[in-house]
Amino acid sequence: MTDPKPGSITEAEAIERAKQGDEAAFEILYHLHKRRVYSLCLRMLSNPAQAEDLAQEAFLQLFRKISTFRGESAFSTWLHRMTVNVVLMQLRKKGLPLVSLEETLETEEETPKKELGAQDVKLTGSIDRLQLQRAIDRLPPGYKTVFVLHDVEGFEHNEIAELVGCSIGNSKSQLHKARLKLRDYLKFMRAEKAGNT
Amino acid sequence: MKCADVQRVLPEVIENRQDGELEAHLKSCPACSELVSDLKLISSEARQLSASDEPAPRVWVRIAAELRAEGVIREPEAATPAPATTSRRSWSAWWLVPVAAALLAGASYIVTHKPAPQVAGQQGPAVTTPAAPASQPPATVAQAPAAKASSPQNAKNREVAEASSAEDQQFLSEVSQRAPGMRVTYENQLRSVNNYIRDAQAYLDQNPDDEDARQHLIEAYQQKAMLYQMALDHVQ
Ligand SMILES: [Zn+2]
């Protein structure tokens, strides 16, 4: 699939034209960034319909303010932060904790069972991308937030602390616990798959 | 260092922190070593999930509609509706392309039956007179040699095309009522896709055995069906 003439005008030119209300320019900016924005929403929400709504909201907020955009700051950084804010706002509205309240919310079923042999399974240097997505979907909300922001999106702990409103130490420990959980989930999935065949 | 100590320093480890004591322990402890390499693997694989998913085409349609309604997108020639075959088409054609690919399955049904999900004003059996609908500019297809279009299939296709223009008007008035700001967007896009259908139909009339041409027509109808669907999703 091809996006609309991506090489034909630069992002900076598109931004300038968008300030004049040019639809085609907005469209170019949208297509340049749609995957990044939508994927971030999808990872955080684990729900395609909600992810579409939030991606739409993030672009709208940005495009409405396009006339205030100054060339020297990176457009993608601006958009990216705005997307995170839109997503976090939505999570707050839903009453979901941005930072996990330790293990209290977890049920027994969510913990991989040793009897299935998950502990003996090894990841041995490869992870299936779809399985990783599914494992992330299963993370408790707080762990998911920090993991997605740090490991998927590349934010630093100090940025996450600021965005989410937690301490840097908290961000670090949540990330670590999220990774440990993902490891368990992935092993569990692999054990399950092996058991089915 | 013991295994328990590894657990304690682990959050820092993955952040590329060098630690001699830890390295020594990992060399002698397969369990901890495996743990550390798994966590590093998870972290590095996760990076590839950034920008991994493509949003549905309707996301842009909604954004554009909203921006237009708010006046952020401004029409260059607001008052004059574009004539039947303007450059608008090239604009809308590309966003419709991925849509077409997704809908191949329903396509043949659409061509041989009905272009849009909503069934309104079903017409009678096969033979129709090619009168241009009042609401549409005269269709190029109407000028295509009638003899070439004599196959039952093509006659039926034309019938479908004409029946749909009444449907289009109904559709647009529906959009106007429920989401006035979107009328222009959908009107433009409907015009584009109708042009596409008309061109594809005209070509097929003259080349009735051309399978590619038939495929183009199918895709054109798919795009229209998808446009209707997007509007339905939006105005609800
Ligand atoms: Zn150890």
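Thresholds applied
- Counting from 1, residues in each chain are numbered in the order their sequence is written.
- The naming scheme follows written order: chains are lettered A onward, ligands numbered 1 onward.
- Where local features are concerned, this predicted model is filtered to residues with pLDDT of at least 70; where side-chain atom pairs are given and counted, the filter is 80 or more; whole-chain, interface and lining totals use all residues.
- Excluding hydrogens and water, the side-chain values take into account all heavy atoms of the structure.
- In this description a helix means any DSSP run of H or I spanning at least four residues, a strand means any run of E spanning at least two, and both kinds are numbered starting from the N terminus.
- Accessibility here uses a 1.4 Å probe with only protein chains present; expressed as a share of the type maximum, an area under 20% marks a residue as buried, one over 50% as exposed, and anything in between as partly exposed.
- Every residue pair with non-hydrogen atoms within 4.5 Å of one another is taken to be in contact.
- Donors, by definition, are the N, O and S atoms found within 2.8 Å of a metal, the threshold being 3.2 Å for Na, K and Ca, and water is not counted, so a site can look incomplete.
- In these descriptions, tetrahedral denotes four donors with every angle between 85 and 135 degrees, square planar four donors and octahedral six donors with opposite donors over 155 degrees apart and the rest between 65 and 115, and irregular any other case.
- Nonpolar cores were defined as sets of buried Ala, Val, Leu, Ile, Met, Phe, Trp, Tyr and Cys residues, with membership established by side-chain atoms within 4.5 Å.
- Here the quantity called buried area is the total loss of accessible area, with a 1.4 Å probe, experienced by two parts when brought into contact, counted for both.
- A pairing counts as a salt bridge when a side-chain nitrogen of Lys or Arg comes within 4 Å of a carboxyl oxygen of Asp or Glu.
- Under this grouping Gly is polar, as are all residues other than the nonpolar Ala, Val, Leu, Ile, Met, Phe, Trp, Tyr, Cys and Pro and the charged Asp, Glu, Lys and Arg.
- Side-chain rings of Phe, Tyr and Trp, where Trp is taken by its six-membered ring, are said to pair if the distance between their centres is within 6.5 Å; with planes under 30 degrees apart they count as stacked, over 60 as edge-to-face, and otherwise as tilted.
- Confidence of the prediction at every residue is given by pLDDT, a number between 0 and 100.

(A) Main features of the overall build of chain A. Regarding its fold elements, chain A presents eight helices and zero strands. Scanning chain A from its N terminus toward the C terminus, one meets helices and strands in the order α-α-α-α-α-α-α-α. Out of the 197 residues in chain A, the part that is buried amounts to 49%. Once local pairs closer than 6 in sequence are excluded, the contacts in chain A between residues at least 24 apart make up 71%.

(B) The coordination of the zinc ion, seen in detail. All names here are of chain B. All of the protein donors around the zinc ion are C3 (SG), H25 (NE2), C29 (SG) and C32 (SG); their distances to the metal are 2.1 to 2.4 Å. One can describe the donor arrangement at the zinc ion as tetrahedral, given that its four donor atoms subtend angles of 105 to 114° at the metal. In primary-sequence terms, the residues that donate to the zinc ion follow C-x21-H-x3-C-x2-C. Of the two residues, C3 is situated in helix α1 (residues 3-13) and C29 in the loop between α2 (20-28) and α3 (30-46); the sequence distance between them amounts to 26 residues.

(C) Quick look at the nonpolar core. F26(A), F63(A), F75(A), F147(A) and I63(B) are the most contacted members of the largest nonpolar core, which has 70 residues in total. It is helix α2 (residues 23-45) of chain A that provides the largest number of residues to this core, a total of twelve residues. Excluding residues that lie within four positions of it along the chain, F26(A) makes contacts with A18(A), G21(A), F63(A), I66(A), W60(B), L67(B), V72(B) and I73(B). Among the nonpolar cores identified, the runner-up in size contains 15 residues, and V61(B), F171(B), Y186(B) and A231(B) belong to it.

(D) Representation of the interface of chain B and chain A in the model. Across the boundary between the two partners, chain B contributes 43 residues, which contact 50 residues of chain A. Regarding the contact of chain B and chain A, the summed buried area is about 4,400 Å², with carbon and sulfur atoms giving 58% of it. The interface formed by chain B and chain A includes 13 salt bridges. Where the side of chain B that touches chain A is concerned, the elements lending two or more residues are α1, α3, α4 (58-70) and α5 (88-102) of chain B. In terms of residue count, the dominant contributor to the side of chain B that touches chain A is α4(B) (ten residues). Per-class residue counts for the side of chain B that touches chain A are 23 nonpolar, five polar and 15 charged.

(E) Structural detail: the packing of aromatic side chains. Residues and elements named next belong to chain A. Counting across every chain of the model gives seven aromatic pairs over all chains. A ring pair is formed by F59 and F63, whose centres lie 5.7 Å apart and whose planes are at 40°; its orientation type is tilted. Taken together, the residues F59 and F63, both in helix α3 (residues 48-64) and four residues apart, mark about one turn of the helix. Taking relative accessible area as the criterion, F59 reaches 1% and is therefore assigned buried. Assessed through its relative accessible area of 0%, F63 is described here as buried. With a centroid separation of 5.5 Å and an interplanar angle of 80°, the aromatic rings of F69 and F75 are classed as edge-to-face.

(F) Region of interest: the confidence of the model for chain A. All names here are of chain A. For chain A, per-residue confidence averages 84 on the pLDDT scale, and 84% of positions sit at 70 or higher. The least confident element of chain A, judged by mean pLDDT, is helix α8 (residues 168-196) at 89; the most confident is α3 at 96. Within the model, the stretch residues 1-6 combines pLDDT values under 50 with seven contacts to residues more than four positions away or in other chains. Contacts for the low-pLDDT stretch residues 103-116, under 50 throughout, to residues beyond four places or in other chains number 18 contacts.

(G) Broad picture of the pattern of salt bridges. Tallying each qualifying case throughout the model produces 18 salt bridges over all chains. Ionic contacts of the salt-bridge type, sharing partners, join the residues K122(A), R183(A), K187(A), E34(B) and D38(B) into one network.

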